[in-house]
Amino acid sequence: DAGVIQSPRHEVTEMGQEVTLRCKPISGHNSLFWYRQTMMRGLELLIYFNNNVPIDDSGMPEDRFSAKMPNASFSTLKIQPSEPRDSAVYFCASSLNGNEQFFGPGTRLTVL
Amino acid sequence: SQQGEEDPQALSIQEGENATMNCSYKTSINNLQWYRQNSGRGLVHLILIRSNEREKHSGRLRVTLDTSKKSSSLLITASRAADTASYFCATTEFTGGGNKLTFGTGTQLKVEL
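## With respect to unusual backbone geometry
What is expected of a backbone is that most residues other than glycine have negative phi and most peptide bonds are trans.
Inference 1: A:Ser7 connects to A:Pro8 through a cis peptide bond whose omega is -10 degrees.
Inference 2: When you line up the elements, A:Pro8 lands in the loop between β1 (5-7) and β2 (10-13).
Inference 3: Going from A:Gln80 to A:Pro81, the amide bond is cis rather than trans, its omega being -5 degrees.
Inference 4: In this model, A:Asn51 sits at a positive phi of 50 degrees, which is unusual for a non-glycine residue.
Inference 5: With respect to the helices and strands, A:Asn51 occurs in the loop between β5 (42-50) and β6 (53-56).
Inference 6: Positive phi, normally seen in glycine, also occurs at B:Lys70, with a value near 50 degrees.
Inference 7: Mapped onto the elements of the fold, B:Lys70 is located in the loop between β7 (61-66) and β8 (71-76).
Inference 8: Using a relative accessible area of 28% as the deciding quantity, one classes B:Lys70 as partly exposed.

Listed below in structure tokens is the structure:
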């Protein structure tokens, strides 16, 4: 089992550019979570899906952030336009029936 | 706001000593989980304790849960340098459409040789 796969692992972009982060959950898992981690704010839940349906997006900071899960094996988190304060490590995690979560390696985003 | 607050924020011990980390939370929970994060890596699940359990063991890990005090503790016995990492508690609340984890602020553990 390859675990949760995220791409890219690192992303450096300029302010105003669109950023798309990708996640492939573990096969068979029915919940998918997007988190953001910074030194200042710790680990924050942005949005999560259950059976491909967004359940709670209250953690999405603003309209510049959007997430989709078109099928059970793929999700994207998009930031448009990006700003320097979006710099963080973004984690995707998946779980089966809401118990332990399996985290991907994260995407380190730097917005200049 | 963070549901879980870990204490202490940082802990430094010698190899072979025991390490104890505490977590307090605010609302009713279904279960409480502990995760470890090595520097630059994703979180790894360590152990889950349900709201009707008081103590659970897994290898060198011992977790307790006191729902009356809304607190949990993680004990790592006979620590090793490889245990150096950040440790997070996370509480689960059932939201109807799935289980949502809320993470605490974490304890940074350093185990020195």
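## Topic: the interface of chain A and chain B
Inference 1: Counting residues at the interface gives 20 residues for chain A, matched by 21 residues for chain B.
Inference 2: Taken together, the links from chain A to chain B amount to zero salt bridges.
Inference 3: The tally of links from chain A across to chain B stands at two residue pairs in polar contact (both at pLDDT 80 or more).
Inference 4: The element that contributes the greatest number of residues to the side of chain A that touches chain B is β5(A), accounting for four residues.
Inference 5: Partitioning the side of chain A that touches chain B into residue classes produces nine nonpolar, eight polar and three charged.

## Considerations on the pattern of salt bridges
Inference 1: According to the stated counting rule, one finds ten salt bridges over all chains in the structure shown.
Inference 2: Between A:Glu62 and A:Arg64 there is a salt bridge; the shortest N-O distance is 2.9 Å.
Inference 3: Here A:Glu62 falls in the partly exposed class, since its relative accessible area comes to 28%.
Inference 4: Residue B:Glu55 is joined to B:Arg62 by a salt bridge in which the shortest nitrogen-to-oxygen separation is 3.1 Å.
Inference 5: One salt-bridge network, in which partners are shared between bridges, spans A:Glu62, A:Arg64, A:Glu83, A:Arg85 and A:Asp86.

## Regarding the pairing of strand β8 (residues 74-79) of chain A
Residues and elements named next belong to chain A.
Inference 1: Bridge analysis of strand β3 (residues 19-24) against β8 gives five bridges, and the strand direction is antiparallel. Residue pairing across strands places threonine 20 opposite lysine 78, the latter belonging to β8.
Inference 2: Here strand β7 (residues 65-71) runs beside β8; their pairing, made up of five bridges, is antiparallel. Bridged to serine 66 within β8 is lysine 78.

## Points about the sheet that holds β3(A)
Strand pairing in a sheet takes place through backbone hydrogen bonds and is either antiparallel or parallel in direction.
Residue and element names in this part refer to chain A.
Inference 1: Read from one edge to the other, the open sheet built from four strands follows the order β1-β3-β8-β7, with strand pairing classed as antiparallel. Strands with a single pairing partner mark the edges of an open sheet, and in this sheet they are β1 and β7. On average, each strand axis in the sheet is inclined to that of its neighbour by 15 degrees, with strand direction left out of account.
Inference 2: Judged from the three bridges that link them, β1 and β3 form a sheet pairing that is antiparallel. When the sheet's bridge partners are listed, serine 7 is paired in β3 with arginine 22.

## A closer look at the sheet that holds β7(B)
All names here are of chain B.
Inference 1: One open sheet holds the five strands; their spatial order is β1-β3-β8-β7-β6, and the pairing between them is antiparallel. The strands lining the two open edges of the sheet, one partner per strand, are β1 (5-7) and β6 (55-58). Going from strand to strand, the sheet's axes swing by 20 degrees on average, the running direction of each strand aside.
Inference 2: Both β6 and β7 contribute to a ladder of four bridges, which runs antiparallel.

## Things to note about the side chain of A:Thr107
Residue and element names in this part refer to chain A.
Inference 1: Relative to the helices and strands, threonine 107 resides in strand β11 (residues 107-111).
Inference 2: At 2.5 Å, the side chain of threonine 107 and the backbone oxygen of proline 8 are in polar contact.
Inference 3: Those residues within four positions of threonine 107 in sequence are excluded, and the remaining contacts are Gln6, Ser7, Pro8, Arg9, Leu21, Ala88, Val89 and Tyr90.

Conventions we followed
- Residues numbered from 1 in each chain as written.
- Chains lettered and ligands numbered in written order.
- Predicted model: local features only at pLDDT ≥ 70, side-chain atom pairs only at ≥ 80, totals over all residues.
- Heavy atoms only, no water.
- Helix = DSSP H or I, 4+ residues; strand = E, 2+ residues; numbered from the N terminus.
- Buried < 20%, exposed > 50% of the residue type's maximum accessible area, 1.4 Å probe, protein only.
- Contact = heavy atoms within 4.5 Å.
- Salt bridge = Lys/Arg side-chain N within 4 Å of Asp/Glu carboxyl O.
- Polar contact = N/O pair within 3.5 Å; in protein donor to acceptor, adjacent residues only side chain to side chain.
- Nonpolar A, V, L, I, M, F, W, Y, C, P; charged D, E, K, R; others polar.
- Pairing = 2+ DSSP bridges.
- Axes fitted to C-alpha atoms, helices over the stretch in contact; angles between N-to-C directions.

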